[in-house]
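These are the residues of each chain, in order.
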Amino acid sequence: MSETNPAAASEVVAPHRYTAAMANEIEARWQDFWEANATYAAPNPTGDLAADPALVAKPKKFIMDMFPYPSGAGLHVGHPLGYIATDVYARYQRMTGHNVLHTLGFDAFGLPAEQYAVQTGTHPRASTEANMKNMQVQLRRLGLGHDNRRSFATIDPDYYKWTQWIFLQIFNSWYDDEAKKARPIAELVDRFASGERAVPGGRSWNELTATERADVLSGFRLAYASDAPVNWCPGLGTVLANEEVTADGRSERGNFPVFKAKLRQWNMRITAYADRLLDDLEELDWPEAIKLQQRNWIGRSEGARVDFPIDGENITVFTTRQDTLFGATYMVLAPEHPLVEKFTPQEWPEGTHEVWTGGHATPAEAVAAYRAQAASKSDVERQAEAKDKTGVFTGSYATNPVSGEQVPVFIADYVLMGYGTGAIMAVPAHDTRDFAFARAFELPIRCVVEPNDDRGTDPSTWDDAFVSYDAKIVNSSGEDVSLDGLGVVEAKARITEWLERRGIGEGTVNFRLRDWLFSRQRYWGEPFPIVYDEEGIAHPLPESMLPLELPEVEDYSPRTFDPDDANTEPETPLSRNQDWVNVTLDLGDGRGPRKYRRETNTMPNWAGSCWYELRYLDPHNSEKLVDPENERYWMGPRDGMPHGGVDLYVGGAEHAVLHLLYARFWSKVLYDLGHVSSAEPFHKLYNQGMIQAFVYRDSRGIAVPAVDVEERDGAYYYEGEKVTRLLGKMGKSLKNAVTPDEISAEYGADTLRLYEMAMGPLDVSRPWDTRAVVGQFRLLQRLWRNVVDEATGAVTVVDSEPDEATLRALHKAIDGVRQDLEGLRFNTAIAKVTELNNHLTKTGGPVARTVAESLVLLVAPLAPHIAEELWRKLGHTDSVVHQDFPVADPAYVVDETVTCVVQVKGKVKARLEVSPSISDEELEKAALGDDKVVAALDGAGIRKVIVRAPKLVNIVPA
Ligand code: ANZ
């Protein structure tokens, strides 16, 4: 490539031409300068990063990237797209009067780092640190203006000390549903002890043993251990959060099967915040698509709980269609429902339908067999829209509370224990799954919502359920309530009121969101600051014992199993170090030194990224997570916004739910407990697109090295063999990765930055094309040439007044670039800079100093190294980084106009100031709409309009 590379050519002819070698020299020099002078240091109001109060008096901008995990593969050119974008934006904000905080840390715990370590046989800390070093070198070369004093990795004990501290805050609090906020658990204990609040279970607090008290509090704590069914992934050897399981019931990482298993695990009570997580979305400046995904994940459903009496007890169902209660012809319990045994009689009732029994001699036998079958399926498999529904009759009937009818009670795996009440009323006429089930089990199907298509009202002739919210209720009259003729919404309201009046049901809201499974059977994560006493009660470590450091172990590999073997149990790597696990401690709780066992699970990799924005604010604070004054300055609510937060957060759309939901939840807890002033972490979120690359595959479908592929007549060849080309991801495994280092070596980082920003709108994915990079290099060469004599190296600018056309070109560019940078439209900003630069090139002759300086300032956020160099060459002694961004003079921004004469019957009636490029149609419209012209026509019709844009319009009245 270097033969055709202008970057390498012509050094002899023009010794001071901007070449790759020169770019590399300039860039390395300025990177050293910036580092030595702490050019990007952002001052804090207080603490060790505090500085000139005048700087802190400025408005602030806190600009953040989703931080990377230190991958062994290093960066390819796709990774820095967002980092460059935030850097350009941050530089622009610095030049428009803001105190800017922009830095980057590393998310260094978690599965990827650990898997890499296991594969390469190195300790995760060693491999992670080596990877970070490598990435830091790569990032530095891009000229990113980060405040490196604020960088850290989540694996630093100084950092995870506070991750553990936050865990303890969450552990030590409960959600007060009345106040709608988290409070210290000690307040709840006081309320129980004083009798102000009844203890669940009905006994008094004083009667309870220590274990019983701990169990009661577990039901309230925002972080709690429980034996609930969890997602167990034998192939990875760990349990996973719901968010980490794909739609087909496999692990997001590694694609292994995931099973439900009952294991004692830590959870975060994120469900307590479901309402607030949903409501506060409204206030955020986020892409609608991401908000929608969060709304769906939280999954708010408005419906009702309804009691169906059975043998003096009730089965309570959750339904979103209480308006169809008259059409409920059977019920279904989840196979795991605790009431199943109770309602499974000794024998089948007289005349039980054969298909209902599954061929079993007794209900107990049928239920046991079906339960075993259901246990081997994942939730997703159970919920699949398969037409063949399975289940068995329990042998019992319940009463439909509105019709009084006896309805059979089934168990079936399409009803999940973890949603609603784990029991449903089935309305086969209007629910697809119930319809399929009713057909299979020959159950009655009753139409209670009048179809508005042509299927008729006899369900026996239907092929599927009629599902609609926009129809009338029919066949729904009982003794003292009738829904007939009502629409769905009115019917729901009426029946809910009826149920509530009789105390047999109530309107409720149900959420799809589940509590967040928070423990992993991994080595490479934050240890829990929890120990168990000899009675098995969990105790928090006192703050003075933090950080609880991850112990060195010989064997840090996870214990994995046959991926398909559900009957396995996880083993935690930390449990292999018994010296660490068994300790004698004085927790300072008045009980003196005692023997304890440490928790051996570790936190999931999401923990470290749940709060890192806060630590950037005050990274060296050893007393506090963050000083409140610093937090308020950078994160506090402004300008009447209900929440504060990071001013711009850029990252990939793949984090729509997991990271962003978890981080929002932690923010809210910290806010409730008074540790921070913003209840939301990220005010504005922006998702950058992906840089894609062509993947070339041979006839076997194997990727071949993209650099060695040749193009001939529209076809592609590798070693003489024809290969196919498709646009895909960039990566080592697809043999199409291009590194920023290669491109920087060939053209310089400024060219790489410009190319990435010029490729298209930031939020759109775009294909990488190495051959196109040179275009941006040429722009920088022309820029250089407009200021510097390539032969002598002398600055060529002159102290003269620029001409009018140049002033117009300049101020239009300033105006446009400002708007584009503010709006993150970097590609169009570059187009405007290019236009101005071309104007100067075309005009020829030396450029006026004022114009050259403005041009350099316009370029500075985009290509900071060359801008810094030219700024010095222009005679300045201070860095370009903190200069004021040019301001457009409005007089030169408005389009030039020409005067158009409008005649009526040959006489001049009006003069219009119009754009020289106005079209005939526009000009005619403007003329006919002019007040003076309207007056002159005085209601007369028009025979003819002659238009000669832009100067003349002649109107001939009828
Ligand atoms: C009666 C009914 C009639 C229903 C009808 C739907 C249509 P969303 O919107 O997702 O909240 N359901 C309730 N609990 C369930 C569970 N544990 N497992 C499986 N399904 C369950 O869904 C609520 C609806 O899903 C509820 O409303 C219930 O079926 C079912 F024409 O009740 B419906």
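If you're wondering where the values come from, they're calculated on a predicted model, not measured in any experiment.

When you go through the protein chain residue by residue, the secondary structure sums to 29 helices and 33 strands. Each principal axis of the C-alpha distribution contributes one length, and for the protein chain these read about 105 × 90 × 70 Å. A buried classification covers 54% of the 958 residues belonging to the protein chain. Here the analysis covers contacts within the protein chain between residues at least 6 apart in sequence; of these, 70% occur between residues at least 24 apart. Of the roughly 41,300 Å² that the protein chain leaves accessible, carbon and sulfur atoms contribute 49%.

By the definition in use, this model includes 48 salt bridges. Its salt-bridge partner being Asp589, residue Arg591 comes within 3.6 Å of it at the nearest N-O pair. A salt bridge links Asp820 to Arg825, with the shortest nitrogen-to-oxygen separation between them at 3.2 Å. Accessibility expressed as a relative area gives 4% for Asp820, which makes it buried. Taken together, the shared-partner salt bridges in this structure form one network comprising Asp176, Arg183, Glu187 and Arg191.

The sheet built from 3 strands is open, its strands ordered E11-E10-E16 with antiparallel pairing. Looking at the sheet topology across the chains shown, the edges are occupied by strand E11 (313–319) and strand E16 (505–511). The average angle at which neighbouring strand axes cross in this sheet is 35 degrees, direction not considered. Summarising the sheet, strand E10 (residues 300–310) and E16 pair through 7 bridges and their orientation is antiparallel. Residue pairing in the sheet places Gly303 in a bridge with Thr508 of E16. Contacting E10 and E16, helix H15 (residues 488–502) crosses the sheet at an angle of about 120 degrees to E16.

Around the ligand, the surrounding shell holds 17 residues, and the nearest of these are Ser301, Thr319, Leu416, Tyr419 and His430. Note that an oxygen atom of the ligand is positioned 2.7 Å from one of the side-chain N or O atoms of Thr319. Tyr419 places a side-chain nitrogen or oxygen 2.4 Å from an oxygen atom of the ligand. Protein coverage of the free-state accessible area of the ligand, which is 650 Å², stands at 83%. For the shell around the ligand, the secondary structure elements donating two or more residues are E11 and strand E15 (423–426). Residues that form the shell around the ligand fall into these classes: 8 nonpolar, 6 polar and 3 charged.

This next bit is on the packing of helix H4 (residues 111–120) against helix H5 (residues 124–140). Viewed as axis vectors pointing N to C, H4 and H5 meet at an angle of 110 degrees, and their least axial separation amounts to 9 Å. With respect to H5, the axis of H4 lies roughly perpendicular. Taking contact as the criterion, the partners of Ala113, Tyr116 and Ala117 in H4 are, on H5, Pro124, Ser127, Thr128 and Asn131. Looking at the contact of H4 with H5 residue by residue, the class counts come to 4 nonpolar, 3 polar and no charged.

One open sheet accounts for 4 strands, arranged E13-E14-E12-E15; its pairing is mixed. In the strand order of this sheet, the two ends are held by strand E13 (392–399) and E15, each with one partner. The sheet shows a mean angle of 25 degrees between the axes of neighbouring strands, direction not considered. The pairing of strand E12 (residues 330–333) with strand E14 (residues 406–411) spans 3 bridges and is classified as parallel. Among the inter-strand pairings, Val332 is bridged to a residue of E14, identified as Phe410. Contacting E13 and E14, helix H12 (residues 363–375) runs over the sheet at an angle of about 115 degrees to E13.

According to the stated counting rule, one finds 51 aromatic pairs in the structure shown. Ring geometry for Tyr92 versus Phe885: centroids 4.9 Å apart, planes at 85 degrees, classification edge-to-face. With Tyr92 in helix H3 (residues 80–95) and Phe885 in the loop between helix H26 (864–873) and helix H27 (890–893), this residue pair connects regions lying 793 residues apart in the sequence. With respect to class, Tyr92 is no different from Phe885; both count as buried. Pairing Trp516 with Tyr662 gives two aromatic rings, centres 3.6 Å apart and planes at 5 degrees, and the pair type is stacked. With Trp516 in strand E17 (residues 516–517) and Tyr662 in helix H19 (residues 658–672), this pair connects stretches of sequence that are 146 residues apart.

Let us look at the side chain of Asp176. As for its placement among the helices and strands, Asp176 is situated in strand E3 (residues 173–176). Here Ala179 takes part through its backbone nitrogen, which lies 3.2 Å from a polar atom of the side chain of Asp176. Ignoring sequence-local partners within four residues, the contact set of Asp176 consists of Lys181, Arg183 and Arg191.

Attention now moves to the nonpolar core. One broad trend across soluble globular proteins is that nonpolar side chains are buried collectively. Ranked by internal contacts, the top residues of the largest apolar core, which has 187 residues, are Phe167, Trp516, Phe518, Trp666 and Trp768. Excluding residues that lie within four positions of it along the chain, Trp516 makes contacts with Ala241, Trp266, Asn267, Met268, Ile270, Pro604, Trp606, Cys610, Tyr662, Phe665 and Trp666. If you look at the next biggest cluster of nonpolar residues, it comprises 61 residues, including Phe308, Ile315, Phe410 and Ile411.

Side chains Ala223 and Ala225 project from strand E5 (residues 223–226) onto one buried face, and the interleaved Tyr224 and Ser226 project onto a second face that is buried too. Pairing analysis gives 4 bridges linking E5 to strand E9 (residues 265–268), with the strands arranged antiparallel. If you follow Ser226 over to E9, its bridge partner there is Gln265.

Our focus in this paragraph is the side chain of Lys161. You can see Lys161 is positioned in helix H6 (residues 157–171). Sequence-distant contacts of Lys161, that is, excluding residues within four places in its chain, are made with Leu546, Pro547 and Ser622.

Moving on to a negative patch on the surface. Together, Asp708, Glu710, Glu719 and Glu721 give the surface a local cluster of negative charge. Here Asp708 is to be found in the loop between strand E25 (703–704) and strand E26 (710–712).

Another point: unusual backbone geometry. A cis amide bond, omega -5 degrees, links Leu546 with the succeeding residue Pro547. Among the secondary structure elements, Pro547 is positioned in the loop between strand E19 (538–540) and helix H16 (578–581). Backbone torsion omega between Ala949 and Pro950 reads 0 degrees, so that peptide bond is classified as cis. Mapped onto the fold, Pro950 is located in the loop between strand E32 (942–948) and strand E33 (952–957). The phi angle at Lys905 is positive, at roughly 50 degrees, despite the residue not being glycine.

Put simply, helix H1 (residues 20–36) and H26 touch, their axes get as near as 9 Å, and they point 85 degrees apart. The pairing of H1 with H26 is recorded here as roughly perpendicular in orientation. Side by side, H1 and H26 meet where Ile26, Glu27, Arg29, Trp30, Gln31, Phe33 and Trp34 of the first sit next to Pro864, His865, Glu868, Glu869 and Arg872 of the second. By residue class, the composition of the contact of H1 with H26 is 5 nonpolar, 2 polar and 5 charged.

Following the sequence through the fold, Asp311 ends up in the loop between E10 and E11. Along the sequence, Asp311 and Phe343 sit 32 residues apart, while their C-alpha atoms lie 8.6 Å from each other.

When H4 is considered as a whole, its buried residues turn out to be Leu111, Pro112, Ala113, Glu114 and Ala117. Here the buried face of H4 lies against H5.

Reading guide: rules and limits
- Residues numbered from 1 in each chain as written.
- Predicted model: local features only at pLDDT ≥ 70, side-chain atom pairs only at ≥ 80, totals over all residues.
- Heavy atoms only, no water.
- Helix = DSSP H or I, 4+ residues; strand = E, 2+ residues; numbered from the N terminus.
- Buried < 20%, exposed > 50% of the residue type's maximum accessible area, 1.4 Å probe, protein only.
- Contact = heavy atoms within 4.5 Å.
- Areas by Shrake-Rupley, 256 points an atom, 1.4 Å probe, with all protein chains shown as cover.
- Salt bridge = Lys/Arg side-chain N within 4 Å of Asp/Glu carboxyl O.
- Pairing = 2+ DSSP bridges.
- Axes fitted to C-alpha atoms, helices over the stretch in contact; angles between N-to-C directions.
- Near = heavy atom within 4 Å.
- Polar contact = N/O pair within 3.5 Å; in protein donor to acceptor, adjacent residues only side chain to side chain.
- Nonpolar A, V, L, I, M, F, W, Y, C, P; charged D, E, K, R; others polar.
- Parallel < 35°, antiparallel > 145°, perpendicular 65-115°, else oblique.
- Phe/Tyr/Trp six-rings, centres within 6.5 Å; stacked < 30°, edge-to-face > 60°.
- Core = buried A, V, L, I, M, F, W, Y, C linked by side-chain atoms within 4.5 Å.
- Patch = residues over 30% accessible without salt bridge, like charges linked within 9 Å, V, L, I, M, F, W, Y side chains within 5 Å.
- Lys, Arg positive; Asp, Glu negative; His and termini not counted.
- Charge placed at Lys NZ, Arg CZ, Asp CG, Glu CD.

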